[in-house]
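# Commentary on secondary and tertiary structure
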Amino acid sequence: MSTGTATPEPRSGSARERLLDAASELFYRHGIRAVGIDTVIERAGVAKMSLYNHFRSKDELVVAYLERREQRWSEFFDTELRAVGGAPGDRVLAVFDILASWLERECPRGCAFVNAEAELADPQHPAQAVIEADKARLRGWLAELVAETGAADSGPLAEQIFLLLEGALVTTGTGRVRDPVGVARQAAARLLA
């Protein structure tokens, strides 16, 4: 897949970082299946051998892309959540605000993990473990936050709020609902009331 652009200026950083930068941009913008290794190499400005010195296959590059994205999302979420005060219910709702901020900054096409899972339908694909870990981490955060509210049925309530978040992530990618995270936040507020 040619990007149709002039050869990019040389990027700084190690070959591995340049490859990950290029893969992150291209996989997220165009899709994992639509982007070939040659396009990633061209965008990174490295030799083909550099790719294979760092990643044995495209699948391994996809895993590294998702792991890196998960690390960035986790660090962002942890930092933002630590800054939130207020009652436990307010902290649950703050998750939606944090997500909205992340999506605005990083994810105009919706969740990279949802998008990857849709493309990588094979349950044995090595990226599936990274995708599952991302979703499990979010479910864990929600379970803890909802339990702090003292809700009698905190487990099922956390699952319902998780589904609202996931729905907002998917809908952000499709653009079919105006402010999907805000709409999901309103629904979560009603569940918490």
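Residues numbered from 1 in each chain as written. Predicted model: local features only at pLDDT ≥ 70, side-chain atom pairs only at ≥ 80, totals over all residues. Heavy atoms only, no water.

### Overview of the overall build of the chain
- Tallying secondary structure elements over the chain gives nine helices and zero strands in all.
- Element order for the chain, N to C, with α for helix and β for strand: α-α-α-α-α-α-α-α-α.
- Over its C-alpha atoms, taken along the principal directions, the chain stretches across nearly 55 × 30 × 30 Å.
- Looking at the chain residue by residue over its 193 residues, the buried ones come to 42%.
- Considering only intrachain contacts with a sequence separation of at least 6, the fraction spanning at least 24 residues in the chain is 67%.
- Accessible area of the chain: about 10000 Å², with a carbon and sulfur share of 50%.
- The distance from the centre of the 23 positive side-chain charges to the centre of the 28 negative ones in the chain is 4 Å. (Helix = DSSP H or I, 4+ residues; strand = E, 2+ residues; numbered from the N terminus. Buried < 20%, exposed > 50% of the residue type's maximum accessible area, 1.4 Å probe, protein only. Contact = heavy atoms within 4.5 Å. Areas by Shrake-Rupley, 256 points an atom, 1.4 Å probe, with all protein chains shown as cover. Lys, Arg positive; Asp, Glu negative; His and termini not counted. Charge placed at Lys NZ, Arg CZ, Asp CG, Glu CD.)

### Examining the packing of helix H5 (residues 88–106) against helix H9 (residues 180–192)
- Running from amino to carboxyl end, H5 crosses H9 at an angle of 170 degrees, the nearest separation of the two axes being 10 Å. Taken together, the axes of H5 and H9 lie roughly antiparallel to each other. Between H5, through Gly89, Val92, Leu93, Phe96, Asp97, Leu99, Ala100 and Leu103, and H9, the contact on the second element is made entirely by Val181, Ala184, Arg185, Ala188, Ala189 and Leu192. (Axes fitted to C-alpha atoms, helices over the stretch in contact; angles between N-to-C directions. Parallel < 35°, antiparallel > 145°, perpendicular 65-115°, else oblique.)

### Some remarks on the domain arrangement of the chain
- Split by domain assignment, the chain resolves into domain 1 (12–56) and domain 2 (62–192).
- Averaged C-alpha coordinates put domain 1 and domain 2 at centres separated by 27 Å.
- Counting residues at the interface gives 15 residues for domain 1 and 16 residues for domain 2.
- Counting each side, the surface lost to burial between domain 1 and domain 2 is near 1200 Å², with a carbon and sulfur contribution of 57%.
- Looking only at domain 1, the three residues that lose the most surface to domain 2 are Tyr28, Ile32 and Arg33, adding up to 58% of its buried area.
- The interface formed by domain 1 and domain 2 includes two salt bridges.
- The partner of arginine 68 in a salt bridge is glutamate 17, with the nearest N and O atoms 2.8 Å apart.
- Its residues placed into classes, the side of domain 1 that touches domain 2 shows seven nonpolar, three polar and five charged. (Domains from an automatic or database assignment. Buried area = accessible area lost by both parts, 1.4 Å probe. Salt bridge = Lys/Arg side-chain N within 4 Å of Asp/Glu carboxyl O. Nonpolar A, V, L, I, M, F, W, Y, C, P; charged D, E, K, R; others polar.)

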